[in-house]
Amino acid sequence: MRRDAYLAIIAPGADPAAAARLADRASGEVRLDRLFECETLIVLAEPGCRHRSWGESGIAIGTILSSKQDAEALERAPAHDRHLVAGCWGDYVAFLHDARKATTTVVRAPSGGVAALRTTIDGVTLVSSEPELLLAATQRSAEIDWHFLAHHLAFPHLRPGATGLAGIDELFAGDANSFTADGAQRLSVWSPWDFAKAERQLVDPAQAGLAVRQSVELAVAGLVRGYRSVLLELSGGLDSSVLAAALAAAGAPASAINLVTPGSEGDERTYARATAERTGLPLAEHAVASDVDLTAPVPMRTARPGIPAILHPADRLLAELARGRGIDAFVSGTGGDCAFCSPASAAPAADALRAFGFGRRFLRAVRDITEIHDTNLWTAGSMAWRQAHRPPIHRLWPSNDAFLVRDRLPDAPDFHPWLDEPADALPGRRSHIRAVIAAFAHLDGYARHAVAPSLFPLLSQPVMEACFRVPTWLWIAGGRDRAVARQAFRDALPAKVLDRRSKGGMDAYCIRNFEANRARLEPFLLEGYLARAGLLDRPAVASFLRRPVGPRDQRFYRLLPVIDAEAWVRGWLEPEPATGRR
């Protein structure tokens, strides 16, 4: 369970005694402090959980900061949910109580940094960061939602409101949900598309770079404030190096760690050392365990499948280091290549074509694409033309049916508010926003969060808002991906890091571990819960597992999420191992 775990019980129109009983039941399972209580709302949290109280008007769980550096503004309860999102930012879930209207409104920050899982029982709504708290309070057993599992595997990296546990869903980031005696109402109060509007674009490269740098430095300084010791996961890549520069600028109590996997492609120490030397952050280097049991029990029970099993050794190592060194929080560059608009296609050039027509600016963007993707002008230009004039290949989200029974998979993805795009959406911005949506699928499920939380500044509200205001063709200027961020931090980071074109990888590490697990994977999958539920294409899985993976065969990456989903299901339906979970 996370150190910042909380449980809110919302009971407008219900018997207040019922809400009190639910609170007492949850407190009987885990020690929770009662932080807020009125007739229709009770909020409990782990001792020491970060929060901000607004007296009788409500409470915010997590870190909430003023957008205008106005400390007094935070002391006043926001007049409306939109005022909260417009005037504040951070990693929080806010519970706003209006006694006059008999309404409780739950606002989840656009960053999604604090989970907001929801269930209902007898007219009472419970919202929590922890599925086990919801189950304990309602005295329910976990039941798997097999439709969710099918959707999870069919539409990778898309996180809808549903979870893998029947009866439990999650409130979307950037949403406000109001609860009254008449029911609940959802309202989107923050959307990335609001910042992608043509009239809000920062077309001047210098202005765009300044906005991005200021937003990163604001986010880092704000999120680490109050922590005594934070640990930056410094890979040596651009995104984590940008965070190192921002931590140094903030004078944060920070150190850095570089994790090394076996093989040259997983060794980026030379770049991490250059960044640490330039920024002055103390750097430690640690080797990650070379052997991974892909069938091992999951280290914690989560509402959805968590991080890939292939990353569990790194997760355990970071948890152990945090315990030993008294680390209060981890700082991660996760999502940076998404927020900084690293292109996977010619879409930025398509945006330039739509904005300026066939001319100098479009041709410049095409040339930039050729350098980034190492292709020719004809290929890049024709692809950009098609993307500018035709509907997207994937109307809402790319689908996958590898190793799955096609008839058991949904035809279309479930609702996500950020996929609701305007009629004039540019293809590059669509790809940009979808990439950020995908990054949000990788923010939780870490066992190390039982020791200390992770902070993701590059997916914070200020950074997202700044990045969505930068035209996509500026992000590829000069034939470099993430060009605006590179230029913005030119004076703070070594050229060796800013100008590198290579990127570390884990292919050899993953293939070697997959090969080492092949024998145990066959019974694990073919006799497992997904197979029994009819989701698994058993012949395809059996055939793939009975021959070695070729050096260029990337299909095993499609099987890894299936393995992780099977382990996640077993984590809920089978008894806990004797050692228990952290």
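Residues numbered from 1 in each chain as written. Predicted model: local features only at pLDDT ≥ 70, side-chain atom pairs only at ≥ 80, totals over all residues. Heavy atoms only, no water.

Caption draft 1: Structural view of the pattern of salt bridges. Evaluated as defined, the whole model comprises 28 salt bridges. A salt bridge links aspartate 24 to arginine 34, with the nearest nitrogen and oxygen atoms 3.0 Å apart. Linking aspartate 24 in helix H1 (residues 16-29) with arginine 34 in strand E2 (residues 33-37), this pair joins segments that are 10 residues apart in sequence. With relative accessibility at 48%, the residue aspartate 24 sits in the partly exposed group. Residue classification places arginine 34 among the partly exposed residues on the basis of a relative accessible area of 35%. Ionic pairing is found between arginine 430 and glutamate 421, a salt bridge with its closest N-O pair at 2.9 Å. We classify arginine 430 as buried; its relative accessible area is 11%. One network of salt bridges, in which partners are shared, links Asp239, Asp481, Arg482 and Arg486. (Salt bridge = Lys/Arg side-chain N within 4 Å of Asp/Glu carboxyl O. Helix = DSSP H or I, 4+ residues; strand = E, 2+ residues; numbered from the N terminus. Buried < 20%, exposed > 50% of the residue type's maximum accessible area, 1.4 Å probe, protein only.)

Caption draft 2: Inspection of the layout of surface pockets at higher detail. Reported here for the second largest pocket is a volume of approximately 750 Å³. Counted by class, the lining of the second largest pocket contains 17 nonpolar, 11 polar and 12 charged residues. For the lining of the second largest pocket, the two domains that each supply at least three residues are domain 1 (6-190) and domain 2 (195-339 + 437-499). (1 Å grid on protein atoms, 1.4 Å probe; cavity = no way out; pocket = protein on both sides within 12 Å on 5 of 7 lines; lining within 4 Å. Points joined across faces, edges and corners; volume = space filled by probe spheres on them. Nonpolar A, V, L, I, M, F, W, Y, C, P; charged D, E, K, R; others polar. Domains from an automatic or database assignment.)

Caption draft 3: Examining the domain arrangement of the protein chain more closely. As assigned here, the protein chain comprises domain 1 (6-190), domain 2 (195-339 + 437-499), domain 3 (344-400 + 418-430) and domain 4 (510-573). Contacts between the two partners involve 18 residues from domain 2 and, on the opposite side, 15 residues from domain 3. In total, about 1300 Å² of surface goes out of reach between domain 2 and domain 3, with carbon and sulfur atoms giving 73% of it. Put simply, domain 2 and domain 3 have zero salt bridges between them. On inspection of domain 2 and its partner domain 3, the count reaches six residue pairs in polar contact (both at pLDDT 80 or more). Of all elements in the fold, only helix H14 (427-439) and helix H15 (461-468) reach the threshold of two or more residues within the side of domain 2 that touches domain 3. Taken together, the residues of the side of domain 2 that touches domain 3 break down into 11 nonpolar, four polar and three charged. (Contact = heavy atoms within 4.5 Å. Buried area = accessible area lost by both parts, 1.4 Å probe. Polar contact = N/O pair within 3.5 Å; in protein donor to acceptor, adjacent residues only side chain to side chain.)

Caption draft 4: Spatial organisation of a nonpolar patch on the surface. Side chains of Phe358, Leu363 and Trp385 sit close together on the surface and give an oily, nonpolar patch of about 350 Å² of accessible area. Note that phenylalanine 358 resides in the loop between helix H11 (347-356) and helix H12 (360-373). (Patch = residues over 30% accessible without salt bridge, like charges linked within 9 Å, V, L, I, M, F, W, Y side chains within 5 Å. Areas by Shrake-Rupley, 256 points an atom, 1.4 Å probe, with all protein chains shown as cover.)

Caption draft 5: Here's a closer look at the packing of aromatic side chains. For the structure on display, the rule yields 12 aromatic pairs. Summarising the aromatic geometry, the rings of tryptophan 418 and phenylalanine 440 are spaced 5.4 Å apart at their centres and angled 80° between planes, so their arrangement reads as edge-to-face. Of this pair, tryptophan 418 sits in the loop between helix H13 (377-389) and H14 while phenylalanine 440 is found in the loop between H14 and strand E17 (454-455), placing the two residues 22 residues apart along the sequence. Pair check on accessibility: tryptophan 418 and phenylalanine 440 agree, each one buried. Through pairs of rings, three or more aromatic residues link up here, namely Phe403, Phe514, Phe544, Phe556 and Tyr557. Directly above the aromatic system of phenylalanine 356 lies the positively charged group of arginine 361, at a separation of 4.4 Å from the ring centroid. (Phe/Tyr/Trp six-rings, centres within 6.5 Å; stacked < 30°, edge-to-face > 60°. Lys NZ or Arg CZ within 6 Å of the ring centre and 35° of its normal.)

Caption draft 6: Molecular detail of the packing of H11 against H13. One can describe the packing of H11 onto H13 by two numbers: an axis separation of 8 Å at closest approach and a directional angle of 65°. In this structure, H11 meets H13 at a crossing whose hand is right-handed. Between H11, through Ala347, Ala349, Ala350, Leu353 and Arg354, and H13, the contact on the second element is made entirely by Ala384, Trp385, Gln387, Ala388 and His389. (Axes fitted to C-alpha atoms, helices over the stretch in contact; angles between N-to-C directions. Left-handed = near helix turned anticlockwise from the far one by under 90°.)

Caption draft 7: Main features of the side chain of threonine 125. Position of threonine 125 among the secondary structure elements: in strand E9 (residues 124-128). Taking the relative accessible area as the measure of exposure, threonine 125 reaches 9% and is therefore buried. Apart from the residues within four sequence positions on either side, threonine 125 is in contact with Ala8, Ile9, Ile10, Arg118, Thr119, Thr120 and Phe179.

Caption draft 8: Seen up close, a positive patch on the surface. On the surface, a cluster of positive charge is contributed by Arg360, Arg361, Arg364 and Arg367. For arginine 360, the position within the fold is in helix H12. When its relative accessible area of 57% is taken as the criterion, arginine 360 is described as exposed. (Lys, Arg positive; Asp, Glu negative; His and termini not counted. Charge placed at Lys NZ, Arg CZ, Asp CG, Glu CD.)

Caption draft 9: Summary view of the environment of asparagine 177. Here asparagine 177 is to be found in strand E11 (residues 175-180). When its relative accessible area of 5% is taken as the criterion, asparagine 177 is described as buried. Taking the C-alpha atoms as reference, asparagine 177 lies 6.2 Å from leucine 187; in sequence the two are 10 residues apart. If sequence neighbours within four positions are ignored, asparagine 177 has contacts with Thr104, Thr105, Val106, Arg118, Leu171, Gln185 and Arg186.

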